[in-house]
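# Chain and residue survey
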Amino acid sequence: MGSLKTLGLLPNKNLPSLNTPIDRHRLSGFLYNISLYLQEMGAELDESPTESDEEHLWEKVLHFFLQSEGSAALNQWNGRLPPRPSLKLQDWFLSLRGSPHWDWMLGLLQSLISLSERQAHRSLLTYLSQNWRTVSAVFEAALQALVSGTYGQASAGLQGFICALKGRNDCAFNVGWLQQLLNFLETRNWKPVVSLYPAEEGAEHRRDSSALGRLKPFSLPPEAMWQDGLSGNASLEDSMTTEDDPGTVQNLLLQALSRSIGGDRGDHLAQKNLALVQSLDGLRKGFLHRVGSSVYGNLRKKVSRVTMVLLDEVSSLMDVPQPRGQSQCSVGDLRQLILWGIRHNVTWNTQALGMRPQGLPSSLPFLSCPSTDVSARRSPKLDGSSPETGPSSKTISKQKRLHGLTSRHSQWNQKHRGRMSQSNDQQKEMEYATIEILEAACNDSIPGLTGVSNFTVFLYCKMFEGENGSGDPTVAQMGVDLHATCSDAAWYLSAAEEDFLWVHVCSEFFAHEFNNTVCANSSFWLQRANQAALTKDYNFFNQTSLDNLCVHLSDDTTGNPGLDKNCLTKLENRLLNAQAFRHCFLPNNSILISALCERESPSLHQSLSEGSWAMTYCSKIQNFSHTGTVEGTCQYRMWEKHHFTNSTLLELCGQMHGLREYICLNVTLYNQLLKTAPEFGDFCADLQAELEGRKCFLQRFFDMLPAPYQFDTSQLCVDPAPMLVEAVHKLSLCEVEGGEREGFLLVLGYVLQVLDFMVGLSSGLDEGEREARQGLGQAILLSSLLDNTSWASMQPEASMSVLHTVRVFLRREQNSTLKEDLLSCFSPILWDLIQRDDNSSALSVLLQEYFQMPRDSIRTLVMSAEKEAVKRFLSHMHRSWDQLNVETGQATQKELQAMETMTAAFIHKFPRVTPELFVDLSQFIPFMSVSDIMSFPASLIVNDSVLMAICDHSSGMKSPQKKAFMKRLLQSSVVGDVPTWPHYFLSSILPLLPYLPVSHFQQLTSQQLTPLVEFLANGSLDAVRGRHVLRTLFSNQNLTSANILRLGVLACYLDPVDLGSYLLDSAVSSALWQQLARCMSKGFISERGRLSSWLIPTIQNLNISTIAPPELSALTSLLPQLGASFLLSLPSQQVLEVLSQPGLHTYSPAQAFLILSKISRDTTLTMEELCKLKPVLSGLSPAVLRNLKWTEVSERTDCSCWRTLLMELKPGHRAMLYDALKEALHRDLQNITLRARCLLPFVSLRKLTETLNGDTILRNIRLYKDILWSPQQTLLLFKTMHEFKNITSKTSRDLGHIASGMSCDFLKLWSNNTYFADLIQFLSELPGGLRPALRKCIIDELRKQPEINLSALSPGFAAALPVTMFETLSNVSLRAIVEYIQEHFTDFLRLPHYKQMNLAEKAITELGSPEPEAEIDGAALDALGPLLPFLDHDSLAMVDGEALVLRLEDMKSFCLPKEALSDISSLLTQRDLLGEPSKWQVGDVEHLGRLVFSVSTKQMNSIPLTALNKDTVEQVLVGQRRWEDSVVGRVCVNQCVDRRRQRQLTQNLIRGIVKPRNRRAKVPVPTCADVRGTFPSAWTPTQLSRMSLDEVKLCIEVFAQDDSMSSEQRRALWVKLRQTFSPVRSLGADQVLALGSLVTEMGEKELLDTNLTDPGVLSHLGTMTHWSPKKMRAVISGVTRKRKLTAEKLTALDLATFGHLICGLNPAELKTLSPYNLSMAVPFLREMSLPCSEQQMEALTSRLSRPEAFGPVSAWGPEVFTETGTLAVGLEDLMLSALVQEQLEGITPEAISLMRPKKMAVVFSASQLSCLTVEQAWAVTEEQWAELDQQQKHAVGLARYEGDVLLEQRGRNRAPAVPTADGFTFRSLILCYLLWKQI
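All of these numbers come straight from a predicted model, not from anything done at the bench.

Our next topic: the overall build of the protein chain. Of regular secondary structure, the protein chain possesses 122 helices and 2 strands. In the protein chain, buried positions account for 53% of the 1879 residues. Taking contacts inside the protein chain between residues at least 6 apart in sequence as the whole, the part at least 24 apart equals 73%. Taken as a whole, the protein chain presents about 85300 Å² of accessible surface, with 51% of it coming from carbon and sulfur.

Counted according to the given criterion, the structure contains 32 salt bridges. Lysine 1395 is paired through a salt bridge with glutamate 1842; the nearest N and O atoms lie 2.7 Å apart. Residue lysine 1395 is located in helix α87 (residues 1393-1407), and its partner glutamate 1842 is located in the loop between α120 (1830-1840) and α121 (1845-1852); the two are separated by 447 residues in the primary sequence. Given a relative accessible area of 4%, lysine 1395 falls into the buried group. Judged by relative accessible area, glutamate 1842 falls into the buried class, the value being 13%. Between arginine 1447 and aspartate 1422 there is a salt bridge, with its nearest N and O atoms 2.8 Å apart. With a gap of 25 residues between them, arginine 1447 in the loop between α90 (1441-1445) and α91 (1448-1451) and aspartate 1422 in helix α88 (residues 1418-1424) connect regions that are remote in the sequence. We classify arginine 1447 as buried; its relative accessible area is 5%. Through salt bridges that share partners, Asp1022, Arg1025 and Glu1449 make up one connected network.

A separate point is the packing of aromatic side chains. Tallying each qualifying case throughout the model produces 20 aromatic pairs. With centroids separated by 5.8 Å and ring planes inclined at 80 degrees, the aromatic side chains of tyrosine 1264 and tryptophan 1269 adopt a geometry described as edge-to-face. Each member of the pair, tyrosine 1264 as well as tryptophan 1269, is classed as buried. Arranged with centres 6.2 Å apart and planes meeting at 85 degrees, the rings of phenylalanine 1750 and tryptophan 1756 form a pair that is edge-to-face. Overall, phenylalanine 1750 belongs to the buried group, its relative accessible area being 14%. Overall, tryptophan 1756 belongs to the buried group, its relative accessible area being 3%. Over the aromatic face of tyrosine 1315 sits the side chain of lysine 1290, whose NZ or CZ is 4.9 Å from the ring centroid. Directly above the aromatic system of tryptophan 1523 lies the positively charged group of arginine 1490, at a separation of 3.8 Å from the ring centroid.

Attention shifts here to the state of the cysteines. In total, this model carries 8 disulfides according to the counting rule given. Here cysteine 1568 engages in a disulfide with cysteine 1595; their sulfurs sit 1.9 Å apart. Here the disulfide of cysteine 1568 and cysteine 1595 is right-handed, its torsion about the S-S bond being about 95 degrees. Separated by 27 residues along the polypeptide, cysteine 1568 in helix α99 (residues 1568-1573) and cysteine 1595 in the loop between α101 (1589-1594) and α102 (1596-1600) bring together distant segments of the chain. The exposure classification of cysteine 1568 matches that of cysteine 1595, with both residues buried.

Relative to the helices and strands, phenylalanine 918 is located in helix α53 (residues 915-920). Look at phenylalanine 918 and you get buried, because its relative accessible area is 0%. Residues phenylalanine 918 and serine 945, spaced 27 residues apart in sequence, show a C-alpha to C-alpha distance of 8.9 Å.

Right, let's get into unusual backbone geometry. Of note, the amide linkage connecting serine 1622 to proline 1623 takes the cis form, showing an omega dihedral of -10 degrees. Of note, proline 1623 is situated in the loop between α103 (1607-1617) and α104 (1629-1635). The backbone of asparagine 345 sits at a positive phi, close to 65 degrees, despite the residue not being glycine. Position of asparagine 345 relative to the elements: it lies in the loop between α16 (334-343) and β1 (367-368). Since its relative accessible area comes to 70%, asparagine 345 is described here as exposed. Notably, glutamate 1842 is not glycine yet its phi reads approximately 55 degrees, a positive angle.

All right, on to the packing of helix α50 (residues 855-864) against helix α52 (residues 893-909) then. The axes of two packed helices give the description: the angle between them and the distance between them. Running from amino to carboxyl end, α50 crosses α52 at an angle of 25 degrees, the nearest separation of the two axes being 9 Å. Judged by the inter-axis angle, α50 sits roughly parallel to α52. Between α50 and α52 the crossing geometry is right-handed. Contact with α50, carried on its side by Arg855, Ile858, Arg859, Val862, Met863 and Ser864, involves Gln897, Ala898, Thr901, Met902, Ala905, Phe906, His908 and Lys909 of α52 and no other residues of that element. Grouping the amino acids of the contact of α50 with α52 by side-chain chemistry returns 7 nonpolar, 4 polar and 3 charged.

Turning our eyes to something else, we now look at helix α71 (residues 1149-1162). When the terminal C-alpha atoms of α71 are compared, their 20 Å separation across 14 residues agrees well with the 20 Å that a helix rising 1.5 Å per residue should span. Taken residue by residue, α71 has Ala1150, Gln1151, Ala1152, Phe1153, Ile1155, Leu1156, Ser1157, Ile1159 and Ser1160 as its buried positions.

This part is about helix α111 (residues 1734-1744). Within α111 the residues assigned to the buried category are Gln1736, Met1737, Ala1739, Leu1740, Thr1741, Arg1743 and Leu1744. Elements in contact with the buried residues of α111: α109 (1707-1710), α110 (1715-1725) and α112 (1758-1764).

Right, let's talk about the side chain of glutamine 1151 for a bit. Along the polypeptide, glutamine 1151 turns up in helix α71. Residue glutamine 1151 is classed as buried on the basis of its relative accessible area of 5%. A distance of 3.1 Å separates a polar atom in the side chain of glutamine 1151 from the backbone oxygen of proline 1120. Within the structure, the side chain of glutamine 1151 is placed 2.7 Å from the side chain of glutamate 1597, a separation counted as a polar contact.

A few words now on the confidence of the model for the protein chain. As a note on interpretation, predicted positions should not be read in detail where pLDDT is low. A residue-level look at the protein chain finds 68% of positions with pLDDT of 70 or above and a mean pLDDT of 74. For the stretch residues 34-108, pLDDT sits under 50, and the model shows 161 contacts to residues farther than four places along the chain or on other chains. Low confidence marks residues 371-425, where pLDDT is under 50. Its contacts with residues over four positions away, or in another chain, come to 94 contacts.

This part covers the nonpolar core. Core analysis: the largest hydrophobic core is formed by 399 residues, its most contacted members being Tyr850 and Phe918. Broken down by element, the residue count for this core peaks at 10 residues, all from helix α48 (residues 816-837).

Our next topic: the packing of helix α64 (residues 1056-1063) against helix α66 (residues 1092-1100). Two elements in contact, α64 and α66, have axes separated by 9 Å at closest approach and are oriented at 20 degrees. Classed by the angle they form, the pair α64 and α66 counts as roughly parallel. Classified by chirality, the crossing of α66 by α64 is left-handed. For the pair α64 and α66, contact is made by Pro1056, Val1057, Gly1060 and Leu1063 and by Trp1094, Leu1095 and Thr1098, respectively. For the contact of α64 with α66, the class distribution of residues is 5 nonpolar, 2 polar and no charged.

Residue placement: arginine 1743 occurs in helix α111. No salt bridge is formed by the buried arginine 1743; its nearest oppositely charged neighbour, glutamate 1748, is found at 6.3 Å. Residues contacting arginine 1743, with those up to four places away along its chain left out, are Leu1710, Lys1711, Thr1712, Leu1713, Pro1715, Leu1718 and Ala1749.

Criteria and thresholds
- Along every chain, residues carry numbers that run from 1 in the direction the sequence is written.
- The model is predicted, so local features are restricted to residues of pLDDT at least 70 and side-chain atom pairs to those at 80 or more, both for listing and for counting; the totals for chains, interfaces and linings are taken over all residues.
- To get the side-chain values, take all heavy atoms of the structure and skip hydrogens and water.
- In this text, helices come from DSSP runs of H or I with a minimum length of four residues, and strands from runs of E with a minimum of two, each type numbered from the N-terminal end.
- When a residue's accessible area, from a 1.4 Å probe over protein chains only, is under 20% of the maximum for its type it is buried; when over 50% it is exposed; and in between it is partly exposed.
- Residue contacts are counted whenever heavy atoms from the two residues lie within 4.5 Å of one another.
- Each accessible area is a Shrake-Rupley result for a 1.4 Å probe, and residues are judged covered by the shown protein chains and nothing else.
- A side-chain nitrogen of Lys or Arg and a carboxyl oxygen of Asp or Glu constitute a salt bridge if their distance falls within 4 Å.
- When two rings of Phe, Tyr or Trp (its six-membered ring) have centres within 6.5 Å they constitute a pair, described as stacked for plane angles under 30 degrees, edge-to-face for angles over 60, and tilted for the intermediate range.
- A positively charged side chain is recorded as over a ring if its NZ (Lys) or CZ (Arg) lies within 6 Å of the ring centre. The angle to the ring normal must also be within 35 degrees.
- Note that a disulfide, as used here, is simply two cysteine sulfur atoms within 2.5 Å.
- Throughout, an axis means a line fitted to C-alpha atoms (over the contacting stretch in the case of helices), and angles, computed between N-to-C directions, take values from 0 to 180 degrees.
- Roughly parallel refers to an angle under 35 degrees, roughly antiparallel to one over 145, roughly perpendicular to one between 65 and 115, and oblique to any angle outside these ranges.
- Each crossing gets its handedness from the near helix: less than a right angle anticlockwise from the far helix is left-handed, clockwise is right-handed.
- Gly is placed with the polar residues, together with every amino acid not listed as nonpolar (Ala, Val, Leu, Ile, Met, Phe, Trp, Tyr, Cys and Pro) or charged (Asp, Glu, Lys and Arg).
- Multiply 1.5 Å by the residue count of a helix minus one, and that product is the helix's expected span.
- Polar contacts here mean pairs of N or O atoms no more than 3.5 Å apart (in protein, one a potential hydrogen donor and the other a potential acceptor; neighbouring residues in sequence count only if both atoms are side-chain atoms).
- Confidence of the predictor at the level of single residues is given by pLDDT, which spans 0 to 100.
- To form a nonpolar core, buried Ala, Val, Leu, Ile, Met, Phe, Trp, Tyr and Cys residues must be joined to one another through side-chain atoms within 4.5 Å.
- The convention is simple: Lys and Arg are positive, Asp and Glu are negative, and His and the chain ends are not counted.

Dropping the structure here:
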């Protein structure tokens, strides 16, 4: 005990200072020495095992431990109460785990080994040696938990463990010391404390706390519980009269083993000596940390080893689905999912999966026990085993039978205490009462139990007698042995039907005996038949269930005998005691009592004799009869305080369950009642003792410890002896199920469960326990995967747990490949779990993960699953769709594509979709492709449920989908012709009716349309269909103001003149203008058309500040037409919010200038806000940029915005913005990296040359390689890098986008390299495409190496291959190319027409009909899409006209190349389509729309003027204008349209409007509405000059924005407006911008006087192309004079904003420009077609050839020629003639087309022209072609057709346009060329 000094608790010569913290290792040393001492004492006890010596020894040890402290300790504290440390007993008790007192366990192991060695069939040791890797890991883990290495005890424990395995007994130790310790503590009436009250506190505090102490004894101070004279019956007040000396060592140690519950008392004590408290706390925490990290850390490592071994073993026995190529995977089941998850670190909840028992495993499920002889297994026969004799009547002492019950009644028979005693738990009283009935039945005091068989009563009595000492105690402990009874045929014959439960038990647990005695015993059945004959109860015999039990016994499907799992487990392991028997096999308490006492009524005296036991009992227990009547009154939880002191109420409700606990355990209520009724103190005094009395010894001990144990301590009450004996018994007789490896894993799983239970007993440590048990759980789960019975069925919580775990994994896992593997292999099982659990949250997570998968993986996942599984999944998803909250409006593009792919996969999974399946798919209708919709059977679409589903989801569908459904509907023969459709059918397709093809919609009659007017008025009919409804229903009616509003959207299609009169009517004006504005915002009518002339004045008269937000949102498209003044009446901040909304139309430059300037002045405009003001960016000026507030640069938002602006703004505005951005980023040097990412792609080549070198590029290659550089920048960067460092074909990939700048010479160096094909593939896949010169070089090399697989090229690159190389492409590549060009159609439009036609023909082969002469039907037309007009003549002739007419609306968005117009015209004018144009009506022209321009000039002139009214013409022109403004339209107009022909057709279309209709009619004078309905250039100068000034003013912005007007037309308008805009000196910037192109007609003096110095104004004027040289000179002179500048002082920004006006400088001035500034302005001038003279262009290029710019032309690389763009035209003839191929390839196609024809013919030789790229060659104009000689033409032709001689010869005479020849000739030429190449 000397080591007590290490704690500082025993006196020492050198006392430590109280302010010095105690050494944290002292506690460790103390516990170590205590463990050694206990070990030594255990050895001595083994040598002297007498009980008296043991008791004396332990009593001596404990007395010395608790009382041997001397006076020095008291002196140390100087009489003060020492502070209480927060040290837990748990910390001390845990150290005993290191002590080797485990002889009982080691003895058990020894007995098991001995048993196994006695088995003849196998040696356990041999079996273990074969699996030693696994076994050793398990033993190490178990050893770590049981004999831990805590403070040096692992070695001693390990030694004892090994000794036991060797069969030696000298290592075993006795555990009697623990029992002695508890006995010693109980004799002293000692209990550990939770809260400590200081001894020196006053007695008043104690009295106040005494009641609480009685209520919670654990809260009492130790001196109250340690009195030697304290008896169990003494009152608390008496016991507290005596005080112990607070300085005794007993109190000191007890306080050290106490812990605080917090509050002021703990703070009060801690303040007395803070150092000691902190020291002990540090010791405790250090101990817990060491134990937690050591014990559980080591345990985790060992368990991890076990898990890895198990993982290998189980994986070798189970097939886990593994993803194959392209995410294909065989579908796995649930166990494979669990195994996959554990392998990938997924932690499953074993508790929820049912694989971790709550307590100690009570059975060995892995054993298969064979039947043995009855004599070998039979226990000694029970007394009275024969059913006839029944149980013997033995007298049992009533004092023993009713232990404690009578004593309680005697204590409570006083007046107040008697009333309150009856409230002690009604359930307890009823249980005692029930025990009396059962004992009476055992004593024959009553003749059996009603409803209970005699045999059941007999079994209970045997158990009860054994427990009370009157019978065999073995029977009471182990349960009744039923072997003999189940082997007794007489018992089955006499009482089988009455005791059928026990018959079932025999068949279940004693199957061998049951089979021999009953099923296989023919004599039994003969006796059974004789018995039925004697009783004449044949029906009863026939209905018996004995034969059913025998049948089930033979097929091994015996059922459960109706017992719960706990009862079955106890019955199987023979663990039943009397209490458990009552619970499992006897009726509940109330039934037994009522069955006895209710039978005495109404004839009680007749049924029971007076004075009998039953009569006495029922009289005593009669208070139970009125329980139901007092339930309402006795709701004590609802009582007020005064109810608890009501004696009558307490007497009535005293037996209510929980009342006593409610009073005594509620501290607040108890204290209140104690003040008014002190007898409550006695009432609650014994409650805690009663609760404690229900616990077993170990449970009481663990509950005494003030430690937060986290396990159910009632598990400690389970007697392990029967379980161990049963386990040993089974191990000696039974075999392991399954094969050797499988069986071993099951055994191992059982061992792991036992280990898990034992580890759980020590829970509560601060660290590591949770992780350790978690690892054990995964190992247990692994071992159970081979047990089929464990996974046969799953509880709901198990499936919920699996889904939760998968959901967490999917959300947290970052590895997309791993998630894809999980979903690919296990989706069907997850679907089933989701359906079973109805788990919408899991389904939502699963869908989100599907949406992130690659499209091919989604398709493969669905196609590999079973059809039935997919059907169930779809059905469940359909039912749960509303709970999933799938927000398609907020979905990303990738998610939308994933949903489309998933939808297509679901449809393709089922070749024939049924109506039921379609309904389940209906939530995916918005994601169905047009081709899938058209593939549905026509009979399916007309199904009522299908139509209803389509209409229900129509709101989420796109127009092409709705049109496709209507097209498919029309193909059904069931629906018939449109005029015959009945009303009910039209009503069923109302949401789809507006998308009925126009040709069929126009067949609807007035009878059909009349009932639908209200729906159509509130729908979304377009102009064509809306006007048909108006013509059909209201052509002969005069609409009034009353019914005009009922027309809804149809009102938008009335004549604008009529609408103008309605707008003047105040009754309908407000609602009407809102409806018209909504139509404009939806695009139904044009906001710039005739109607705006009446609508704009109406709205301008309104006060915008009074307009409600919904009304204001309807004006979004009309706001630019209302003018800046209308919007600027709002506060600037509100204007900013309005203009930041998406979808607004662009303002004119004048209005944009006013709005943006005002916002900039009134608000602090940031760059982020400016990026959102796209509608007014055309009004940008330096003043706005100067006032910007620059926030922190964001790469994602700001860089994206800057990139967009620097690409879309006018050149001058781009220059201003670039200059402002550059200055702002220079001020913020911290964002240098973002500056590079944002601005480097727009830096001039000259700037890059001077700032970047090879070393800089190499150091920043990670940044530079991902930037989308311009072609000239990549050329410079690659050349610079190559000069600095040697670049190989492999290292070039590390350059990223810079690699696209490699030269042709560099590429050829690696043409023979092994990796050349990979290099070509890498280059073809670079974003942004390749330079034409590099692409040409690659194609030349590919021709030289035909063995290279062209299918590896990217689709974008392969689409531009020569037509002859297409023959080597695979079908997969061709399909990929077709898909690419459909998604990137503008790239297709930039190809030469012969390649376009070739691609279209390949597409029809791949997507449509493979037959060359087959008709191109509707499906092929849908697949072709916009490729249709590019088919050759023969293919277009094969188009199905009926299918084409259904798709005319789609064709309106197609690009119609000039080569195909005649073929398309022939198609449209066929008799069965639209017929001859001379017979067209208004509906036909409306139906065609812009397709009317495909007809010839002659056909256009033949169209009747009645069909070309103002509304129809405006509709056609609006459609054409909108298409030209689209992305496809802009490229198509530049590449494929004959503009001269288009202008001529347009003039012919409007001839009935702009010209007199007959000779007598006057020439019409246009109004502003007429100009808006057509276009300004449609009217002659004379007509424009005759317009009134007011009309011209109204349309000034319309005129200003028309660039197609001639000089005479503009001049006529300026003359009209000159007076309005005089004097010109006072014109503001907004007024100049408002004039637009009319400024070019101002006089030279006017231009000199006008203030045009604002760069924002100059940026617009510089883009105009109608300047005369003199007027340009006047503008430049006026600007330089007002700004006092000379030419040499002009900055790069000045030159960029001048634009075309730079030609206003004469050659002499141009030669004085700064070369450097000009080179910096080149990026903004390079795309302009400057109207300069040849001398001016030469002057410009001469400045660029200065050293300050790009140096001499001879040294220019291709990057400089590309950078200069169109300015290269100004190079001198000699310089151009000396250019080499590499330099020529740098000239842009635009520069080629701008070169004077004669100059081109002179400067370029045939050899030079043969070096042109395809783009350069096709840029040669007709005028240039005409000046070339034959050799030059041949060279250009070869360059155009990429060396194909035959194609060049075919197109030479028709150059530059490709001739329109028939397809046969075209294909023949290609075939001849291929044959010639082979020869």
